[in-house]
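# Inside the fold
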Amino acid sequence: MSFPKGFLWGGAVAANQCEGAYLEDGKGLSVPDMLLGGDVNTPRTFLPVTDPNAFYPSHEAIDFYHHYKEDIALFAEMGWNVFRLSINWGRIFPNGDDEEPNEAGLAFYENVFAECKKYNIEPLVTICHYEIPWAIVTKYGGFSNRKVIDLFLKYCEAIFKRYKDQVKYWLTFNEINIACMGEGGIGNLYGLGIMEDEDINATEPIKLSALKSNRQRTFEALHNEFVASAKAVMLGHEINPDFMIGNMICHITVYPLTPDPKDILACTVEDNFKNNLCGDVQVRGEYPVWARKYFLDKGVDPFFMDNEEDKKILKEGTVDFYTFSYYMSNCVTTHTGAETTAGNMSHGGKNPYLKASDWGWQIDPDGLEYTLEFLADRYPGVPLMVVENGFGAFDKVEEDGSIHDPYRISYFKSHIESMKKACEAGVPLIGYTTWGPIDLVSAGTGQYAKRYGFIYVDRHDDGTGDFSRSRKDSFFWYKKCCESNGEDLA
Ligand code: BGP
């Protein structure tokens, strides 16, 4: 028996990358609504005012807001039993600190969950997927302000209560460790809702990588998010003890580039800091033993680690399961002159044994097996779930409308085979949601052209397209996979 009975098969999206309708039914602006598109060579930029002449991809995205019935029917046709989606915080609390939640926003997701139920698809809901309300950025300074913990909990309370009989699986913050990637910038804005005043008031587009950041503020804010996440877990369990509430880590698997012991040490430091720090706090309920020194080495005063009340909260609010995104791996070296390559929210060392996508993301299915087995050892007994994995590529529509995407099928096949080996080795893997089962806006580049879907959407970076949906070859392949519980991968 490879995949256990009841294994969850499906796909994952984020509200801001698929819904569109960015101001409809009372929704307020959120961070991605301020971002322009880029491409593989042109970084995405931030423009703090919505310029009527600029193209903001999240404003219409793929218009899931008006197509959700059709889309969920297609998901059901593939044989899914889970659908990961996020609630856009700004639909529920348009200004982040409103007295009452916005009824139209609550009703929208209620309808979406009802539609899932129709097909016996279990929703897996990310509470905050890079879509912090813009007013929380400008008025409160994002999670660097402790008041935002309470605003987040008020939002959690509204959705936990409203959907307590419709949703069982929840994730608190998408890729919470993005704060540990790169030097502030993108992590600060996407993950923590922090921008320095000078950037907020800018009148020209700013590259996300050029956003100013302050490390001390970043890690204080990350700590506040840990506290918010732990409190949300406790609150959720009070509202419905059957809730399963997990974390979500952007797992960038790393290898030493050479057997030089200095590379091994450097790789361990990188792995600990980028991948393990957040997971340890959320699963074990305390900072790992090396955290204090890591912070000090980075010039961060870790006073927040000694807050006795917070320590108690972190210990009580540990997650019920550990989830992560896995796209690629990178190498780490202390040697100069090594080649680098692009990756998910970060750059890393190029691996001479691996090929990469057109966006430079290295394809490493063995790394997924390695990662699953590593996590099962690190967090014994904690159920694991791969909640993002996928292949962004240019697709070509043939004259007869068909789309042949063998590269995508091959990517998924090899990664699912790796998961199967991990399950056979005893890893408690409970489910798998591919990233972008339907084409959507890329988080990193803001492109439509970087397509992930089994379902093609007629929408393009120049703003053309009629939003119509069609099935790619991979649609039929994934359908066989889901329907056979991962056995038929031919
Ligand atoms: C993850 C994000 C997703 C998603 C994915 C693919 O980091 O959680 O939101 O977008 O990466 O990245 P991209 O869209 O940049 O190709």
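The preceding data block contains the structure.
The structure reproduced in this document is the subject of the present report. (Residues numbered from 1 in each chain as written. Predicted model: local features only at pLDDT ≥ 70, side-chain atom pairs only at ≥ 80, totals over all residues. Heavy atoms only, no water.)

## As for the overall build of the chain
- Secondary structure summary: the chain contains 15 helices and 16 strands in total.
- For 490 residues, the compact-globule formula gives about 23 Å, and the C-alpha radius of gyration of the chain, at 21 Å, lands near that figure.
- Seen through its principal axes, the chain has C-alpha atoms that stretch 60 × 55 × 50 Å.
- Taking all 490 residues of the chain together, 61% fall into the buried category.
- Of all intrachain contacts in the chain linking residues separated by at least 6 positions in sequence, the fraction that spans at least 24 positions is 75%.
- As displayed, the chain offers around 18,300 Å² of accessible surface, 51% of which is attributable to carbon and sulfur atoms. (Helix = DSSP H or I, 4+ residues; strand = E, 2+ residues; numbered from the N terminus. Rg over C-alpha atoms; globule rule 2.2 N^0.38 Å. Buried < 20%, exposed > 50% of the residue type's maximum accessible area, 1.4 Å probe, protein only. Contact = heavy atoms within 4.5 Å. Areas by Shrake-Rupley, 256 points an atom, 1.4 Å probe, with all protein chains shown as cover.)

## Let's talk about the nonpolar core
- With 152 residues, the main nonpolar core has Phe-152, Ile-416 and Tyr-478 as its most contacted residues.
- By residue number, the principal contributor to this core is helix α9 (residues 215–239), which donates 11 residues.
- Residue contacts for Tyr-478: discarding those within four places in its chain leaves Trp-9, Gly-10, Met-78, Trp-80, Ile-416, Tyr-432, Thr-434 and Phe-454.
- Listed in part, the 9 residues of the second largest apolar core include Leu-8, Val-82, Tyr-169 and Phe-321. (Core = buried A, V, L, I, M, F, W, Y, C linked by side-chain atoms within 4.5 Å.)

## Focus: the sheet that holds strand β9 (residues 321–325)
- What the 8 strands build is a closed barrel, ordered β1-β3-β4-β5-β7-β9-β13-β14; its pairing is parallel. Strand-to-strand twist across the sheet, computed as the mean angle between neighbouring axes with direction ignored, equals 25 degrees.
- Across the sheet, α9 is in contact with β5 (169–173) and β7 (244–250); its angle to β5 comes to roughly 160 degrees. (Pairing = 2+ DSSP bridges. Axes fitted to C-alpha atoms, helices over the stretch in contact; angles between N-to-C directions.)

## Thoughts on the pattern of salt bridges
- If you walk through the whole model with that rule in mind, you get 33 salt bridges.
- Between Asp-310 and Arg-146 there is a salt bridge, with the nearest N and O atoms lying 3.0 Å from each other. Note that Asp-310 is positioned in helix α12 (residues 308–316) and Arg-146 in the loop between α5 (134–140) and α6 (147–162), a separation of 164 residues in sequence.
- We note a salt bridge from Asp-395 to Arg-408, for which the minimum N-O separation is 3.2 Å. With Asp-395 in the loop between β13 (384–388) and α14 (406–424) and Arg-408 in helix α14, the pair connects residues that are 13 residues apart, well separated along the chain.
- Exposure remark for Asp-395: the relative accessible area of 15% places this residue in the buried category. (Salt bridge = Lys/Arg side-chain N within 4 Å of Asp/Glu carboxyl O.)

## Notes on the site of the ligand
- Every one of the 15 residues lining the ligand counts as a neighbour, but Glu-175, Ala-443, Gly-444, Lys-450 and Tyr-452 are closest to it.
- Ser-442 is positioned with one of its side-chain polar atoms (N or O) 3.2 Å from an oxygen atom of the ligand.
- Contact distances for the ligand include 2.5 Å between an oxygen atom and a side-chain N or O atom of Tyr-452.
- Out of a free accessible area of 380 Å², the ligand has 99% covered by protein chains.
- When the residues that make up the shell around the ligand are grouped by side-chain class, the tally is 6 nonpolar, 6 polar and 3 charged. (Near = heavy atom within 4 Å. Polar contact = N/O pair within 3.5 Å; in protein donor to acceptor, adjacent residues only side chain to side chain. Nonpolar A, V, L, I, M, F, W, Y, C, P; charged D, E, K, R; others polar.)

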